[in-house]
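# Descriptive analysis of the structure
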Amino acid sequence: MTSAPSDLHAQCLETARFIQSRVPEDLRSPAVGVICGSGLGGLADTVESSPRVDIAYSDIPNFPQSTVQGHAGKLVFGYLGESRTPAVLMVGRVHFYEGHNIDKTAFPVRVMNLLGVKNIIVTNAAGGLNPDFQVGDICILNDHINLPGLAGIHPLRGPNAEEFGPRFPPLSDAYDLELRRFAHIAYKKLQLSIPTRRLHEGVYAFVSGPSFETRAECRMLRILGADVVGMSTVPEIIAARHAGMRILAMSLVTNQAVLEPGPRGDAAIVGDAQKIMELGAANHLEVLEAGKMAANDMQSLVRLVVDELPNITERRPLPVEEQQ
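Residues numbered from 1 in each chain as written. Predicted model: local features only at pLDDT ≥ 70, side-chain atom pairs only at ≥ 80, totals over all residues. Heavy atoms only, no water.

## What to know about helix 6 (residues 215–224)
Taken as a whole, helix 6 has its buried residues at Arg215, Cys218 and Leu221. Angular distribution of buried residues about the axis of helix 6 spans 125°; they occupy a single face of the element. Gly225 lies just past helix 6 and shows a positive phi near 110°. (Buried < 20%, exposed > 50% of the residue type's maximum accessible area, 1.4 Å probe, protein only. Helix = DSSP H or I, 4+ residues; strand = E, 2+ residues; numbered from the N terminus. Arc of directions from axis to C-beta.)

Here it is in structure tokens:
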């Protein structure tokens, strides 16, 4: 006797069926899903013009709405790269800080899974904590620190949706090694728009936002081992891994976090005190501008990885973990 589908699975299934009703048959089961972070939605412009379908989030039942500048809020279906790989792109994501429940921020990934997506490429704009990282550099993620998750704000909290994956999914191998290795190889083939731009690997710290981190928080995150920090991505990664999808995640470093303590109020200050306090302060417009400058290189890298996907063996399904 089969059990009734979970409420989450039923909602995702309704959404997936609606989307497939709007998309031509050859694009209904994309081979890859791409999530475009702040300022990185230009990748959608590289999708072949025909056949192509754009669907606004506001037209999709159950789909969360994006409200942040730089996030267009639409799904784009089409062929990507020289391999003409069928793909679905999320042009703009939703964030926990917008007021969505944390599980809602992962909802689109679960819908992608039901559409047949096996591989997902997640991009974001992030602050650089590692002093070796410069604005405009790209960091391939090989691990993360989920600060909200450690405090109980987790996309898998509550009854487990068995249709997607096991109660206790492992995350130690969430960031696919084979995809990471190919991304490094592909990067060496790129003709960079900025020759000094570098590719790194590192750890992403997920914080809830929407305020940018304080100096003390940045120092703490760096001590914990984080190389970049941002307000997204990790809930999507967890949902994708829960469902057995292969994951490549990349951060574009759009600002350098300030780790040095600010001047003390009881100390003598040389120069303009206000400028000293504002040194390194991040703002969203700067994030978008840095994204525009690096967009072509990030887009080219994603297309090269997508072109290689047909040659990469499909990952085996997750084993059901025993309860610990």
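Here the narrative resumes, following the displayed structure.
## Describing the UniProt feature "binding site: a purine D-ribonucleoside" (unreviewed entry) in the protein
UniProt feature "binding site: a purine D-ribonucleoside" (unreviewed entry): in the numbering of this structure it lies at Glu213 and Asn255. Spanning 43 residues, the named residues form one tight spatial group whose C-alpha atoms are at most 11.8 Å apart. Tracing the backbone through its elements, the reader meets Glu213 in the loop between strand 7 (199–206) and helix 6. In this structure Glu213 touches Val207, Cys218, Leu221, Val229 and Met231, once residues within four positions along its chain are discounted. (UniProt positions renumbered as here; feature names shortened; annotations may be inferred. Contact = heavy atoms within 4.5 Å.)

## Focus on unusual backbone geometry
Keep in mind that most residues, glycine aside, have a negative phi and that most peptide bonds are trans. A cis geometry characterises the amide bond from Ser50 onward to Pro51, with omega recorded as -5°. Residue Pro210 is bonded to the preceding Gly209 through a cis peptide linkage, with omega at 5°. Inspection of the secondary structure puts Pro210 in the loop between strand 7 and helix 6. One non-glycine residue, Asn62, adopts positive backbone phi at about 70°. With respect to the helices, strands and loops of the structure, Asn62 is situated in the loop between strand 2 (53–56) and strand 3 (74–80). According to the relative accessible area criterion, Asn62 is partly exposed, its value standing at 25%. With a phi close to 50°, Arg84 is a non-glycine residue in the positive phi region. Mapped onto the secondary structure, Arg84 falls in the loop between strand 3 and strand 4 (85–91). Accessibility expressed as a relative area gives 38% for Arg84, which makes it partly exposed.

## Some points on the side chain of Arg180
Along the chain, the position of Arg180 falls in helix 5 (residues 177–189). Among residues more than four places away in sequence, those in contact with Arg180 are Ile140, Leu141, Asn142, Tyr175, Glu201 and Leu248.

## Considerations on the pattern of salt bridges
Under the defined criterion, the tally for this structure stands at 11 salt bridges. Overlapping salt bridges bring together Arg52, Asp54 and Lys74 as one network. (Salt bridge = Lys/Arg side-chain N within 4 Å of Asp/Glu carboxyl O.)

## Considerations on the side chain of Asn130
With respect to the secondary-structure elements, Asn130 resides in the loop between strand 5 (119–128) and strand 6 (138–146). Judged by relative accessible area, which is 10%, Asn130 ranks as buried. Within the structure, the side chain of Asn130 is placed 2.8 Å from the side chain of Asp227, a separation counted as a polar contact. Look past the residues within four positions of Asn130 in its chain and what remains in contact with it is Arg222 and Asp227. (Polar contact = N/O pair within 3.5 Å; in protein donor to acceptor, adjacent residues only side chain to side chain.)

## What about the packing of helix 1 (residues 7–21) against helix 3 (residues 107–115)?
Packed helices, taken two at a time, are described by the angle between their axes plus the distance between the axes. Two elements in contact, helix 1 and helix 3, have axes separated by 9 Å at closest approach and are oriented at 65°. In the packing of helix 1 onto helix 3, the handedness of the crossing is right-handed. Taking contact as the criterion, the partners of Leu8, His9, Gln11, Cys12, Leu13, Thr15, Ala16, Ile19 and Gln20 in helix 1 are, on helix 3, Phe107, Arg110, Val111, Leu114 and Leu115. (Axes fitted to C-alpha atoms, helices over the stretch in contact; angles between N-to-C directions. Left-handed = near helix turned anticlockwise from the far one by under 90°.)

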